[in-house]
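Here are the chains, one letter per residue:
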Amino acid sequence: MGGKLFRNFSFFSATLSFFLLVGIFAILFHYAQESMHTFGFDFLWTEKWEPGEDDEGGIFGGYIPMVGTLLSTIIAMVLATPLAMGIAIFLTEIASVNVAKPVSIAIELLAAIPSIIYGMWGLFYFAPIVQATFGGNGVGLLTAGIVLAIMIIPFMAAITRDSMNTTPSVLKESAYAMGATKFEVIKDVIMPYSKGGIIGSIILALGRALGETMAVAFLIGSVMHLPSKITDPTTSIPVLLANNFAEAEDLEMSSMYFLALILFVVSFIIISLAKFYFLGRKVN
Amino acid sequence: MNRLLLNKIILTLSILSALIGISFLFWILATLSYKGITSIHWSTFTNDLVEGGIRNLLVGQFTMALIATLVAVPVGMMAGIYLREYGYGSKLASVIRNLSDVMMSAPSIVIGVFVYALLVDPFGGYNGWAGAVALAIMMIPIIISTTDNMLALVPTELREAGMALGGSKHKIILQIVVRAAKVGITTGVLLSFARIIGETAPLLFTSANNQFFTMDLTGQFPSLTVSIYNLATYPDEASRELAWAASFILTMIVLIINLLGRFVIRNKK
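Engineer: Explanation requested: helix H5 (residues 108–120) of chain B in the structure shown.
Structural biologist: Owing to its 3.6 residues per turn, the α-helix brings residues three or four apart onto one side. Of all 13 residues in H5(B), 10 are buried, a share of seventy percent or more. Where H5(B) is concerned, the buried positions are Ser108(B), Ile109(B), Val110(B), Ile111(B), Gly112(B), Val113(B), Phe114(B), Val115(B), Tyr116(B) and Val120(B).

So, in structure tokens, the structure goes:
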């Protein structure tokens with residue numbers, strides 16, 4: 001009797017993740033209807049975000065926040081990937097256990113710091129440095145991209161380290177016995193062996209960067225403006241939602257749901273790709 | 001190029017990247033500590049936001065995170081138990097496991113939008129319950145994955161021994177398997193708590209914020225993280241100082257819970 005109840009509760013809990021996922025999609029889709037019917041696919045390449053008179057109608061397009069999201073993510077990925085690979089190689093192949101352990105913990109703590117802290121620190125300490133070095137007014141694509149990179153490095157490095165660690169020592173030792181240098185072992189033995197995990201970690205980090213809100217909200221400038229230089233301020237989908245979602249009404253609100261839906265679907269595809277195609281699910 | 005030289009260059013670059021990574025951690029912690037400690041006064045802890053303190057914000061943030069934990073831990077653990085003990089190997093379990101993994105990486109702002117549509121808009125305004133639910137939605141997939149992975153480490157022989165004694169399935173699960181995985185699951189709970197206590201995006205338009213002390217979850221609810229976001233953008237010096245003080249305290253809480261989680265699992269080994 002108790003066993004049956006326990007089993008049913010456990011089954012119900014398990015199905016909850018399925019209903020949550022479907023529920024999120026359905027709700028976003030439902031509230032995005034008005035915007036979808038009004039703008040259709042034009043929404044994707046309309047640069048305007050202009051409420052009409054008396055909050056009636058207006059023209060809304062997702063082009064600028066979509067471009068902003070994409071560009072800040074690209075900057076972050078270009079900077080983070082080589083550094084994260086370097087850290088993973090350092091942890092698995094170079095450092096002795098006594099060094100690797102504290103460094104590993106430090107890197108993981110870096111990943112635990114809340115994103116709003118990165119935003120605060122970035123705004124008051126990092127933005128002035130970017131301004132002094134590259135010009136612009138401190139906040140903008142570049143600053144957001146760099147701080148975003150700092151945020152995703154630990155995450156990317158940790159997964160890459162784990163998959164590099166799965167390389168059997170026998171393989172590495174055979175290569176060393178043939179007289180290979182450390183770099184050659186990394187390039188020709190470890191990299192090919194853990195390729196799937198490494199690409200998976202990069203794509204997962206990409207998914208994170210796309211959806212990151214708070215750090216970017218402090219740093220990207222939050223203006224509806226298409227950037228022409230790398231230091232220009234612009235906005236991104238999560239930032240637009242964070243700052244303007246609560247005050248929006250009617251058609252603008254519906255357009256916000258539309259943007260949230262786009263972000264959700266894109267992250268869903270990216271994460272699924274990383275998990276199932278590259279990282280594989282270790283069965284059992 | 002000389003292959004030994006190339007080897008040296010690459011290894012140096014790799015050491016350099018580790019140094020860069022660590023120096024960012026120290027840079028962030030150093031500025032936070034400096035700005036934070038110099039901005040903290042006794043009144044920071046005893047006053048509410050309206051009087052320039054964070055008492056109500058700390059209580060509010062912890063209240064929402066604790067309610068989220070009270071919901072997410074049983075639900076997440078039961079789901080993990082289903083995946084590993086009942087539905088093990090079935091098609092359904094593998095689909096659910098994958099969906100839960102995807103949910104774990106869903107953008108937190110989207111979860112905020114979803115909860116807004118579900119619990120804020122229909123109920124006439126921001127409320128603490130909505131904030132707690134948003135945090136719970138973020139936490140459940142993490143607990144599912146931890147439970148699933150920790151139960152996988154429990155040797156099958158333990159389960160068989162339980163069966164040989166004539167234990168019923170749910171008794172074996174509760175009294176043998178979960179007990180054996182207790183430490184790992186505890187660590188998972190602590191780490192996920194550390195993660196949600198620092199979340200801002202899911203709270204922005206669910207609980208929103210409140211300047212006053214309140215325990216009424218049906219109205220706007222005080223949040224430490226949302227306050228940091230608001231305070232940092234105010235031009236006056238006092239608000240900024242309070243934002244630094246709050247950021248420092250938040251980071252310390254997160255890092256301490258994190259280290260505690262690691263300590264628990266290390267002590268077992």
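Engineer: Could you clarify how one ought to interpret the domain arrangement of chain B in this entry?
Structural biologist: One frequently used descriptor of interface size is the decrease in accessible area upon assembly of the parts. Domain boundaries in chain B define domain 1 (1–39) and domain 2 (44–268). Facing the 6 residues of domain 1 of chain B at the interface are 7 residues of domain 2 of chain B.

Engineer: What exactly am I supposed to notice about the interface of chain B and chain A here?
Structural biologist: With 68 residues of chain B in contact, the opposing surface of chain A contributes 66 residues. The set of elements that each furnish at least two residues to the side of chain B that touches chain A consists of helix H1 (3–39), helix H3 (55–86), helix H4 (91–104), H5, helix H6 (128–152), helix H8 (169–180), helix H10 (224–233) and helix H11 (237–268) of chain B. The element best represented in the side of chain B that touches chain A is H1(B), accounting for 19 residues.

Engineer: What exactly am I supposed to notice about the packing of H4(B) against H6(B) here?
Structural biologist: A pair of packed helices can be characterised by two numbers: the angle between their axes and the separation between those axes. All names here are of chain B. Closest axis-to-axis distance for the H4/H6 pair is 8 Å, and the angle between their directions is 130 degrees. Accordingly, the angle class assigned to the pair H4 and H6 is oblique. Here the hand of the crossing between H4 and H6 comes out left-handed. Touching Arg97, Ser100, Asp101, Met103 and Met104 of H4 are Pro141, Ile142, Ile144, Ser145 and Asp148, all from H6. When the residues that make up the contact of H4 with H6 are grouped by side-chain class, the tally is 5 nonpolar, 2 polar and 3 charged.

How each quantity is defined
- Residues numbered from 1 in each chain as written.
- Chains lettered and ligands numbered in written order.
- Predicted model: local features only at pLDDT ≥ 70, side-chain atom pairs only at ≥ 80, totals over all residues.
- Buried ≥ 20, exposed ≤ 12 C-beta atoms within 10 Å, placed from the backbone.
- Helix = DSSP H or I, 4+ residues; strand = E, 2+ residues; numbered from the N terminus.
- Domains from an automatic or database assignment.
- Contact = placed C-beta atoms within 7 Å.
- Axes fitted to C-alpha atoms, helices over the stretch in contact; angles between N-to-C directions.
- Parallel < 35°, antiparallel > 145°, perpendicular 65-115°, else oblique.
- Left-handed = near helix turned anticlockwise from the far one by under 90°.
- Nonpolar A, V, L, I, M, F, W, Y, C, P; charged D, E, K, R; others polar.

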